[in-house]
Amino acid sequence: MILILILITYDVSTQDAAGRKRLRKVAKECVNYGQRVQNSVFECVLDSSQLLVVKDKLLSMIDPKTDSLRFYNLGNKYQRKVEHFGAKASYEAKGTLII
């Protein structure tokens, strides 16, 4: 099984109660798959089947007319592709993810 780093980003419209509810649902689902690194940005180390599952779940939650969802595939050699500076400590994405 090959694990790849996927960066999931989203922008959910919160102009009404339904949008705020969608935002909470998307964030809760992302927490199940990775680490929040900024408000609407998650780093997720996934295999290909996990990626398909999370993509399907998140796409079913958003409103494509008002919301945006992006998946960036950083591959399996992501350690050389991510640089971190600033306040939030970096984390080691390998290992067991407890959900």
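Provided above is the structure to which this section pertains.
Everything numeric here is computed off the predicted structure, so don't read it as measured data.

Colleague: Run through helix H2 (residues 48–61), naming residues and quoting values.
Modeller: Along its 14 residues, H2 runs 20 Å from first to last C-alpha, staying within 8% of the 20 Å computed at 1.5 Å per residue. Along H2, the positions that sit buried rather than exposed are Leu51, Val54, Leu58 and Met61. Considered in projection along H2, the buried side chains sweep an arc of 95° and stay on one side of the axis. Those residues of H2 that are exposed and angled more than 90 degrees off the buried face are Ser48, Leu52, Asp56 and Ser60. On its buried face, H2 sits against strand S1 (4–11), helix H1 (17–31), strand S3 (41–46) and strand S4 (68–75).

Colleague: Outline the pattern of salt bridges, supporting the account with residue identities and numerical values.
Modeller: In this structure the tally under the stated criterion is two salt bridges. Across the pair aspartate 67 and arginine 22 runs a salt bridge, and its minimum N-O distance is 2.7 Å. With a gap of 45 residues between them, aspartate 67 in the loop between H2 and S4 and arginine 22 in helix H1 connect regions that are remote in the sequence. Neither aspartate 67 nor arginine 22 differs from the other in exposure class; each is buried.

Calculation notes
- Residues numbered from 1 in each chain as written.
- Predicted model: local features only at pLDDT ≥ 70, side-chain atom pairs only at ≥ 80, totals over all residues.
- Heavy atoms only, no water.
- Helix = DSSP H or I, 4+ residues; strand = E, 2+ residues; numbered from the N terminus.
- Expected span 1.5 Å × (residues − 1).
- Buried < 20%, exposed > 50% of the residue type's maximum accessible area, 1.4 Å probe, protein only.
- Arc of directions from axis to C-beta.
- Contact = heavy atoms within 4.5 Å.
- Salt bridge = Lys/Arg side-chain N within 4 Å of Asp/Glu carboxyl O.

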